[in-house]
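# Descriptive structure summary
Given next are the chains, with one letter for each unit.
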Amino acid sequence: MPRKSKFKLEPIQISNESIGQRIARIRKSKKLTQKELAQKIGITRSRLSKYEIDKIHLLDEIIIRFAIVLEVSSDEILRLKEYSVKK
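Reading guide: rules and limits
- Residues numbered from 1 in each chain as written.
- Predicted model: local features only at pLDDT ≥ 70, side-chain atom pairs only at ≥ 80, totals over all residues.
- Heavy atoms only, no water.
- Helix = DSSP H or I, 4+ residues; strand = E, 2+ residues; numbered from the N terminus.
- Core = buried A, V, L, I, M, F, W, Y, C linked by side-chain atoms within 4.5 Å.
- Buried < 20%, exposed > 50% of the residue type's maximum accessible area, 1.4 Å probe, protein only.
- Contact = heavy atoms within 4.5 Å.
- Axes fitted to C-alpha atoms, helices over the stretch in contact; angles between N-to-C directions.
- Parallel < 35°, antiparallel > 145°, perpendicular 65-115°, else oblique.
- Left-handed = near helix turned anticlockwise from the far one by under 90°.
- Nonpolar A, V, L, I, M, F, W, Y, C, P; charged D, E, K, R; others polar.
- Salt bridge = Lys/Arg side-chain N within 4 Å of Asp/Glu carboxyl O.

### Some remarks on unusual backbone geometry
Not every positive phi belongs to a glycine, and Asp 54 is a case in point at roughly 60°. Within the secondary structure, Asp 54 sits in the loop between α3 (45-52) and α4 (60-70). Here the phi dihedral of Glu 71 falls at roughly 60°; this positive angle occurs in a residue that is not glycine. Mapped onto the secondary structure, Glu 71 falls in the loop between α4 and α5 (74-78).

### Quick look at the nonpolar core
Counting residues in each nonpolar core, the largest one holds 17 residues, and the members touching the most others are Leu 37, Ile 43, Leu 58, Phe 66, Leu 70 and Ile 77. For this core, the elements supplying multiple residues, two or more each, are α1 (19-29), α2 (34-41), α3 and α4. If you tally residues by element for this core, the top one is α4, at five residues. Apart from the residues within four sequence positions on either side, Leu 58 is in contact with Ile 19, Ile 23, Tyr 51, Ile 63 and Phe 66.

### Here's the deal with the packing of α2 against α4
One can describe the packing of α2 onto α4 by two numbers: an axis separation of 10 Å at closest approach and a directional angle of 115°. Accordingly, the angle class assigned to the pair α2 and α4 is roughly perpendicular. Handedness of the crossing formed by α2 with α4: right-handed. Note on element contacts: α4 touches α2 through Arg 65, Phe 66, Val 69 and Leu 70, opposite Leu 37, Lys 40 and Ile 41. Of the residues that constitute the contact of α2 with α4, the class distribution is five nonpolar, no polar and two charged.

### Looking at the packing of α1 against α3
Direction vectors running N to C along α1 and α3 enclose 120°, while the axes themselves pass 7 Å from each other. Between α1 and α3, the angle falls in the class oblique. Residue-level contacts link Gly 20, Gln 21, Ile 23, Ala 24 and Arg 27 of α1 to Leu 48, Tyr 51 and Glu 52 of α3.

### So, the side chain of Arg 27
With respect to the helices and strands, the residue Arg 27 is situated in helix α1. Apart from the residues within four sequence positions on either side, Arg 27 is in contact with Leu 32, Thr 33, Gln 34, Leu 37, Leu 48, Glu 52 and Leu 70.

### Here we look at the pattern of salt bridges
For the coordinates displayed, the defined rule picks out five salt bridges. With its nearest N and O atoms 3.6 Å apart, the salt bridge here joins Arg 22 to Glu 17. With relative accessibility at 19%, the residue Glu 17 sits in the buried group. Linking Arg 27 and Glu 52 is a salt bridge whose minimum nitrogen-to-oxygen distance equals 2.7 Å.

So this is what it looks like as structure tokens:
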């Protein structure tokens, strides 16, 4: 189990939409119910709901599973295409 960091990281504001909200939006655009998506990914509907309301954080493997099933890139889920590093 990962240890909690001693350091408080400042949040990165990439978008007004959270990752969970983005997953829910993409799921709805694909006309999938929570139950259908959860079954395709191999998790419970309850767990998917918790991801969508940002109650629990997504692990890298789950992000990959969402990307594969929803047929989008992980960058689209994470919204990294729109984030540029300031130098």
